[in-house]
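Listed below are the residues making up each chain.
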Amino acid sequence: MRCVIAGGGPAGAVLALLLARAGVEVTLLEKHADFLRDFRGDTIHPSTLQVLDELGLAEAFHRIPHRKAYGIDLVTDTGRTRISSLRDLPGPYNYIAFVPQWDFLTLITTEAATYPNFRLLMNAEAVGLIREGGAVRGLRYRDAEGEHELRAEVTIAADGRGSTLRAAAGLVPKELGAPMDVVWFRMPRVDGDPGETFLRVSAGHMMVAINRETYWQLGYVIPKGEAERLRADGVGELRRQVERLLPSSATARRRSRASRTSACSPWR
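Since this is a predicted model, take the numbers as computed values, not measurements.

Asker: I would appreciate a short explanation of the packing of aromatic side chains in the present structure.
Answerer: Each aromatic ring pair is specified by the distance between its two centres and by the angle formed by the two planes. Applying the stated criterion across every chain yields a total of three aromatic pairs. Centroid distance tyrosine 93 to tyrosine 95: 6.3 Å. Interplanar angle 80°. Geometry classified as edge-to-face. On the basis of relative accessible area, tyrosine 93 is assigned to the buried category, the value being 10%. Note on tyrosine 95: relative accessible area 6%, which makes it buried. Plain terms: the ring middles of phenylalanine 198 and tryptophan 216 are 5.5 Å apart, the flat faces sit at 75° to each other, and that makes the pair edge-to-face. Of this pair, phenylalanine 198 sits in strand E14 (residues 198-202) while tryptophan 216 sits in strand E16 (residues 215-223), and the two are 18 residues apart along the sequence. Between the NZ or CZ atom of lysine 68 and the centre of the ring of tyrosine 95, over which it lies, the distance is 5.2 Å.

Written out as structure tokens, the structure reads:
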């Protein structure tokens, strides 16, 4: 059996590895030239760590530079409280591992490449489906050389929330109507900052702060549809809101450093 998967994210890559291990001829398409893109969480949860262990990849995974989080704190205007702890989970993986997604995808696809029935096509963007006799028989994709057909008995769309293949198949996702958006950006960490990932809540404001060693990955929650207003107010206003939320005596130094870095890119 031949299978083609559009989308080289975690879902597509892990599925491709599992299929290759099962003896299926599988081709994985990734539209970019590499995996080097920022991701909002880069979290590997205990259940995923267990799967990696079962695949024999736990040791290789833990050689990748990563940070372990054994719980999360809630920080309010009045103090800090531990609201979640993973330390009592059964098994050896009682933590969330934070690791750059590109490292995780490289690990998975490198392992998949040890199977002769696996193929990875980079710079290959799925643009449509092949239909014959009322059934999907593969997909069409575009690379630097033009457009091509790739036939398969099973075609899987793992190409993200704006899936081209899902639209081509006439599948309509159910919108859940989330009442919020999240502005993701980064800010340098400095001496005196907390060590753990935390959730910061204040009246009318909420933000998650993820410790990425040399910087904070910050997710600032805003009401649905407020992105344009926030953009119009400018990055200075966003910085002021963030400074009011971050529980650190070093925010003045952070602000000085953030003003000199190009990493503060809030619009995701």
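After that view of the structure, there is still more to cover.
Asker: Looking at this structure, how should I read the pattern of salt bridges?
Answerer: Between side chains of opposite charge, a pair can form as their charged atoms come close. Counting across every chain of the model gives 16 salt bridges. Among the ionic pairs, arginine 200 bridges to aspartate 77, the shortest N-O distance being 2.9 Å. Here aspartate 77 lies in the loop between strand E5 (71-76) and strand E6 (79-85) and arginine 200 lies in strand E14, a separation of 123 residues in the sequence. Its relative accessible area of 55% is what places aspartate 77 among the exposed residues. Across the pair arginine 231 and glutamate 228 runs a salt bridge whose closest N-O atoms are separated by 2.8 Å. Of this pair, arginine 231 and glutamate 228 both sit in helix H6 (residues 227-233), three residues apart, roughly one helical turn. Through salt bridges with shared partners, a single network forms among Asp73, Arg80 and Arg82.

Asker: Mind showing me how you'd approach the nonpolar core here?
Answerer: Note on soluble globular proteins: their nonpolar side chains tend to be buried together. Core analysis: the biggest nonpolar cluster contains 29 residues, and Val26, Ile44, Leu49, Leu52, Phe61 and Phe104 have the highest contact counts within it. If you list the elements that add at least two residues to this core, you get strand E1 (2-6), helix H1 (10-21), strand E2 (25-30), helix H2 (46-54), helix H3 (58-62) and helix H4 (101-112). Excluding its chain neighbours within four sequence positions, the residues that come into contact with leucine 49 are Ile44, Phe61, His62, Tyr93, Tyr95 and Ala97. Val75, Phe185, Met207 and Leu218 belong to the second-largest nonpolar core, a separate cluster that totals 16 residues.

Asker: Got a minute to help me understand the packing of H1 against H4 in this structure?
Answerer: For any two helices packed against each other, one specifies the inter-axial angle together with the distance between the axes. As a packed pair, H1 and H4 sit with axes 9 Å apart at the nearest point and diverge in direction by 20°. When the axes of H1 and H4 are compared, the pair comes out roughly parallel. Where H1 crosses over H4, the two elements pack in a sense that is left-handed. For the pair H1 and H4, contact is made by Pro10, Ala13, Val14 and Leu17 and by Gln101, Phe104, Leu105, Ile108, Thr109, Glu111 and Ala112, respectively. A class-by-class count of the residues in the contact of H1 with H4 yields eight nonpolar, two polar and one charged.

Asker: What is the right way to look at the layout of surface pockets in this model?
Answerer: Regions of empty space are outlined by a rolling probe, equal in size to a water molecule, passed over the atoms. Within this model, the largest pocket holds a volume of roughly 890 Å³. Along its surface, the largest pocket is lined by 30 residues, and Gly9, His32, Asp159, Gly160 and Arg161 are the ones closest to its centre. For the lining of the largest pocket, the secondary structure elements donating two or more residues are H1, E2, H4, strand E9 (125-132) and strand E13 (180-188). Looking at which element gives the most residues to the lining of the largest pocket, the answer is H1, with three residues. Among the residues forming the lining of the largest pocket, the class breakdown is 12 nonpolar, nine polar and nine charged.

Reading the values: rules and limits
- Residues numbered from 1 in each chain as written.
- Predicted model: local features only at pLDDT ≥ 70, side-chain atom pairs only at ≥ 80, totals over all residues.
- Heavy atoms only, no water.
- Phe/Tyr/Trp six-rings, centres within 6.5 Å; stacked < 30°, edge-to-face > 60°.
- Buried < 20%, exposed > 50% of the residue type's maximum accessible area, 1.4 Å probe, protein only.
- Helix = DSSP H or I, 4+ residues; strand = E, 2+ residues; numbered from the N terminus.
- Lys NZ or Arg CZ within 6 Å of the ring centre and 35° of its normal.
- Salt bridge = Lys/Arg side-chain N within 4 Å of Asp/Glu carboxyl O.
- Core = buried A, V, L, I, M, F, W, Y, C linked by side-chain atoms within 4.5 Å.
- Contact = heavy atoms within 4.5 Å.
- Axes fitted to C-alpha atoms, helices over the stretch in contact; angles between N-to-C directions.
- Parallel < 35°, antiparallel > 145°, perpendicular 65-115°, else oblique.
- Left-handed = near helix turned anticlockwise from the far one by under 90°.
- Nonpolar A, V, L, I, M, F, W, Y, C, P; charged D, E, K, R; others polar.
- 1 Å grid on protein atoms, 1.4 Å probe; cavity = no way out; pocket = protein on both sides within 12 Å on 5 of 7 lines; lining within 4 Å.
- Points joined across faces, edges and corners; volume = space filled by probe spheres on them.

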